[in-house]
Amino acid sequence: MRNTSYKYNKAIDHILLNSEDEDLYPVSIPVPTPEEYYNLPYDEAIKKIDGYGISPEKQRFQYQETPSKLTELEAVIRRKKQLKPKDVVKLEDIDEELFNNASYYSKEIQWIKRQIRRHYKGYFFFNNGTPTYIPGCMYTYLNFWPIGNPKNKAGLPEYRDRDRRWFLGVMYAFKTKDGFFRYKVVYSDGEENFVRYFNMKKSVDEFLERYSNSYIEEGEFIVDTGERTMYGVVYPKHRREGATSRAGFMNWYITATMGIQRFGGIQSMSDYHSTQVFVDHIAKRLRRMPFFFKLMTEGSSVPKEAIHFTAPASRAAGSVGTTSLPPHEGWINHRPSGERAYDMEKLHFIHHDEVGKVDPKAGININIIERWRVVMKCLAQGPYIHGLGLLTSTLGEMERGGGEQMKRLILSSKYNERNDNGQTASGLFTIFFPAYDGLDGFIDEYGNSIIEDPNRPVRNSDGRVVMIGARTYLSNKRKTFEANGDQTGLIEEMQNFPWTLKECFMSASKDSSFPVLKIKKRITELTFQQSVTRRYNFEWTEGRGSNVRLVPDDEGKFIISHMPPPGQRNQKEWDPDLESWKPSWQVMNKYVMGADPAKYESEEISGKKKSYHAGAMFYKKDSSIDGDNNSEIKLRSQWISDKFVLTYKQRDVSREEYADDMAKACVFYGAMLYPEMNITHLYERFLDWGLRGYLLYDMDENGIRKPLPGRVTTDGQNNSTKQEIFDSWEQYLKVGCETENHIELLEECGNIDGRKEMTKYDLFTSGGYALLGSKSIYPKFVEMNEQSSKIDGLLFDTFDYDI
């Protein structure tokens, strides 16, 4: 008899996803309550839950035991029909045995019905005192989908609360009609009030032009749109956490059991890998499923290309077993990894496996964003979504391209960043779990993650004693790399076992004297914070040599993080001795433009690798703004100066256009140009255009100006220009990396591997020239001469000398 005196916890009516990551919106997903599930009052409903009436510490997930009559069913049929060993027991044979002996198998038939009902409706069980709901897909996965788990004699998966939240999140994406909106507009047609929701302020403004009699509420509105709003889930993960097994199961669950004539597909990073996922994670496992979940299939029991579900033979009305699943005519297959492999197909499920692992050097060169855009159309009929995509991956190294594409997908899949249709830009929904949630070895006997250090030792699901939490365990591994100064090892560890979404994008770098870890951290910070840069173009107001205006342009050639205040722009003066314009002495010692011209013109590149024209502007430390030893010292994070403020990297422009762009930027900022002089085109154009005064020179040890501006790039073993550029970057990054705002510069610093690669990293080179130029004392020399001349002029005007 059950003991009813135990005090149990109240069932939780929702789960939270992404609640611990600062860059993701916490998503609350409702789950059925016992009252809803059983359609009974709570006190009556909980009595029907498995585990009720026993002490909480003994309550945990229990696998279903198949009745012995069903495990012996095939042997009984073989004996009755006198089948040979090579003969296959067909589904019709099983149905015939059950239906012809229904009274004998009555309990077994009821057990089968219960499994099928839970397959669709889900399941409640008591877990350490708490009524816990798992969706139907997870119930079937845990009880009947063999993954080769050595801890279980049938090879079945372990129950983990992390996986419960994952399954609930995926099913939410499959079914939800929720849209997320920023603006609620209540308007009237003159007779009745209506409500519209928007995410784009521009759309709101345009709408209000039509309906002036309205009002706006700004906030966070989750609204039932009436139609599905998500095409699928993008899931960045840590290594070996079972995502491919779960994705393979969901492919079968949605394709084979959620409707008639449904189609599922798989693509991976290569044709070989997609075949492997199909065979190992679907075909082999489906063969071992119990008969009441099987549909009739054509061909081999373990096909290598596709599973074709043919319509089952007709059966008597009201029969159980396989007739509990509808007739089919669909399939699950895999296709090549190319972008258009499923173009024009109708799909109800697609699994893109290891989407972050793109490696052109290994022949894996896929545009995963374009591939997703193609299959999105396969998952919907116009605006009506009928399928689900699941994109899973540990992120490949950023420099190989897959990680960068995966990052773009994730950033366009944030739950709270949507268009006016209530959908994310990608149509996907990002789900992320930190590596310490569900880490192997740190799961307790109830399937809960052991994240923090327990107050007293606990036993994990393996029966081993655990004294520290997963967070401490992973932290200790990181500390070892830190203590040994192993940046590459630390970054690999963070990427493979990320704690935050940002850390998914930490990429292992080659050995470098640069502070690679700081660089990668700053890149991920800039990736997820509100943009601190914007694109612009420059225009002459009245032709070359006049003032310059700044024009915002989303496709602009210049990326800018800071610009001078209006009164300090276009500060220039004519120098009659030089017969040239030059920056006013008040601004000429502030900004340095480093320039790295492309080696070949666009029309000269036949047989050559086309390089970029590049420029980077550095704002020297400005004590008047950021303080010095004689004034209030600001924290470096508050500084405006001593960092880069502008970058330029263009391939399809001529040398003439490039020189003109550099001239406009220099005039606008009052910047001095410090160019690479292996190619002299910039130097020559500045002379021709009357801008000689904007050229920045080095001074020799005797205070004599060198004959040419900038540097000629050399690559000797010691004291070469290339080595000086690397040394300058190293010095700057050690102090300025954590406040640098130009992600495009930091990416090149993090990826470059020595002097020989400088030709591949044009922004790195131009930024290096800006840093070298910032050390030149030439502007100070000009400033001193300018001030001296002005003083002489004042004296001359004051006293009437007779010369």
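Residues numbered from 1 in each chain as written. Predicted model: local features only at pLDDT ≥ 70, side-chain atom pairs only at ≥ 80, totals over all residues. Heavy atoms only, no water.

## Structural notes on the pattern of salt bridges
Under the convention used in this document: Throughout this description, the term salt bridge denotes a Lys or Arg side-chain nitrogen within 4 Å of a carboxyl oxygen of Asp or Glu. Runs of H or I in DSSP of at least four residues are treated as helices and runs of E of at least two as strands, each being numbered from the N terminus. Between buried and exposed lies partly exposed: a residue is buried under 20% and exposed over 50% of the maximum accessible area for its type, with that area taken using a 1.4 Å probe on protein chains only.
Tallying each qualifying case throughout the model produces 43 salt bridges. The salt bridge involving Glu493 is made with Lys477; its shortest N-O contact spans 3.5 Å. Remark: Lys477 occurs in helix α14 (residues 470-483) and Glu493 occurs in helix α15 (residues 487-496); sequence separation between them is 16 residues. With a relative accessible area of 27%, Lys477 lands in the partly exposed category. Here Glu525 makes a salt bridge to Arg522, at a shortest N to O gap of 3.2 Å. With Glu525 and Arg522 both in helix α16 (residues 516-528), this residue pair falls three residues apart, about one helical turn. Through salt bridges with shared partners, a single network forms among Arg544, Lys557, Glu657, Asp660, Asp661 and Lys664.

## Things to note about the confidence of the model for the protein
The test is simple: For every residue, the predictor states its confidence as a pLDDT score lying anywhere from 0 to 100. We call two residues in contact when some of their heavy atoms are within 4.5 Å.
Mean pLDDT over the protein: 88, with 89% of residues reaching 70 or higher. Here residues 791-803 is modelled with pLDDT under 50, and outside its nearest four sequence neighbours on either side it reaches two contacts, counting other chains as well.

## Comments concerning the sheet that holds strand β5 (residues 178-188)
Operational definition: Between any two strands, at least two bridges found by DSSP are needed for them to pair. Axis angles are defined between N-to-C directions and span 0 to 180 degrees, where every axis is a line fitted to C-alpha atoms and, for a helix, only to the segment in contact.
Across the sheet, which stays open at both edges, the three strands sit in the order β6-β5-β7 with antiparallel pairing between neighbours. Of all the strands in the sheet, just β6 (193-198) and β7 (214-224) have a single pairing partner and so form its edges. Here the strands of the sheet are splayed against their neighbours by 35 degrees on average, with no regard to which way each runs. Alignment of β5 against β7, held across nine bridges, turns out to be antiparallel. Residue pairing in the sheet places Val186 in a bridge with Tyr215 of β7. Helix-sheet contacts for helix α9 (residues 201-210) involve β5, β6 and β7, and the interaxial angle to β5 is about 20 degrees.

## Digging into the layout of surface pockets
Stated precisely, the cut-off is as follows: Both site types are read off a 1 Å grid over the protein atoms alone. A 1.4 Å probe that fits but cannot get out defines a cavity, while an open set with protein on both sides within 12 Å along at least five of seven lines defines a pocket; lining residues have an atom within 4 Å of a point. Grid points are joined across faces, edges and corners, and a volume is the space filled by probe spheres set on the points. Under this grouping Gly is polar, as are all residues other than the nonpolar Ala, Val, Leu, Ile, Met, Phe, Trp, Tyr, Cys and Pro and the charged Asp, Glu, Lys and Arg.
The volume enclosed by the largest pocket comes to roughly 1,400 Å³. If you go around the largest pocket, you meet 46 residues; those closest to its centre are Arg287, Met289, Pro290, Phe291 and Lys294. Elements with a contribution of two residues or more to the lining of the largest pocket: α3 (68-71), α4 (73-81), α5 (91-100), α7 (136-144) and α11 (271-287). When residues of the lining of the largest pocket are assigned to their parent elements, the largest contribution, four residues, is made by α4. For the lining of the largest pocket, a count of residues per class yields 26 nonpolar, 10 polar and 10 charged.

## Focus: the pairing of strand β24 (residues 591-596)
Counting buried residues in β24 gives six out of six residues, a clear majority hidden from the surface. Alternating positions in β24 separate into two faces, Tyr591, Met593 and Ala595 on one and Val592, Gly594 and Asp596 on the other, with burial throughout. When β24 meets strand β25 (residues 613-619), the two strands line up antiparallel, connected through six bridges. Directly across from Val592, in β25, lies its bridge partner Phe618. In this sheet, strand β27 (residues 672-675) lies alongside β24 in parallel orientation, the contact comprising four bridges. Looking at the pairing, Gly594 lines up with Tyr674 of β27.

## Topic: the packing of aromatic side chains
Threshold: Only Phe, Tyr and Trp rings are paired, with Trp represented by its six-membered ring, and only when their centres lie within 6.5 Å; those with planes under 30 degrees apart are stacked, over 60 edge-to-face, the remainder tilted.
Per the stated rule, a full pass over the model turns up 66 aromatic pairs. Aromatic pair Trp574 and Trp581: ring centres 5.4 Å apart, planes at 80 degrees, arrangement edge-to-face. Aromatic side chains Phe644 and Tyr732 sit 5.6 Å apart centroid to centroid with 85 degrees between the ring planes, which places their arrangement in the edge-to-face category. With Phe644 in strand β26 (residues 643-650) and Tyr732 in helix α20 (residues 721-736), this pair connects stretches of sequence that are 88 residues apart. Both residues of the pair, Phe644 and Tyr732, count as buried.

## Concerning the packing of α7 against helix α8 (residues 161-175)
Operational definition: These descriptions rest on fixed angle ranges, namely under 35 degrees for roughly parallel, over 145 for roughly antiparallel, 65 to 115 for roughly perpendicular, and the rest for oblique. Left-handed is the label given to a crossing in which the near helix is rotated counterclockwise from the far helix by less than a right angle, and right-handed is the label when the rotation is clockwise.
As a packed pair, α7 and α8 sit with axes 9 Å apart at the nearest point and diverge in direction by 135 degrees. Relative to α8, the element α7 is oriented oblique. The two elements α7 and α8 cross, and the hand of that crossing is right-handed. The residues of α8 that touch α7, namely those facing Cys137, Met138 and Tyr141, are Asp163, Arg164, Phe167 and Met171. Of the residues contributing to the contact of α7 with α8, the split by class is five nonpolar, no polar and two charged.

## Topic: the pairing of strand β19 (residues 534-540)
Pairing between β19 and strand β21 (residues 558-560): three bridges, direction antiparallel. The residue of β21 that forms the bridge with Tyr536 is Phe558. With five bridges joining them, β19 and strand β20 (residues 548-552) adopt antiparallel strand pairing. Bridge pairing links Phe538 to Leu550 in β20.

## Some points on the sheet that holds strand β8 (residues 232-236)
Spatial ordering of the open sheet is given by β10-β11-β9-β12-β15-β8-β16, a layout of seven strands whose pairing is mixed. With one partner strand each, in any of the chains shown, β10 (306-308) and β16 (428-430) form the two edges of the open sheet. Each adjacent strand pair in this sheet contributes to an overall mean axis angle of 15 degrees, direction not counted. In this sheet, β16 lies alongside β8 in parallel orientation, the contact comprising three bridges. Counterpart to Gly232 in the pairing with β16 is Leu428. Each of β8, β9 (263-267), β11 (331-334), β12 (349-353) and β15 (388-393) touches helix α10 (residues 243-257); the most contacted strand, β12, lies at about 165 degrees to it. Set on the sheet, helix α13 (residues 402-411) makes contact with β8, β15 and β16; between it and β8 the angle comes to about 130 degrees.

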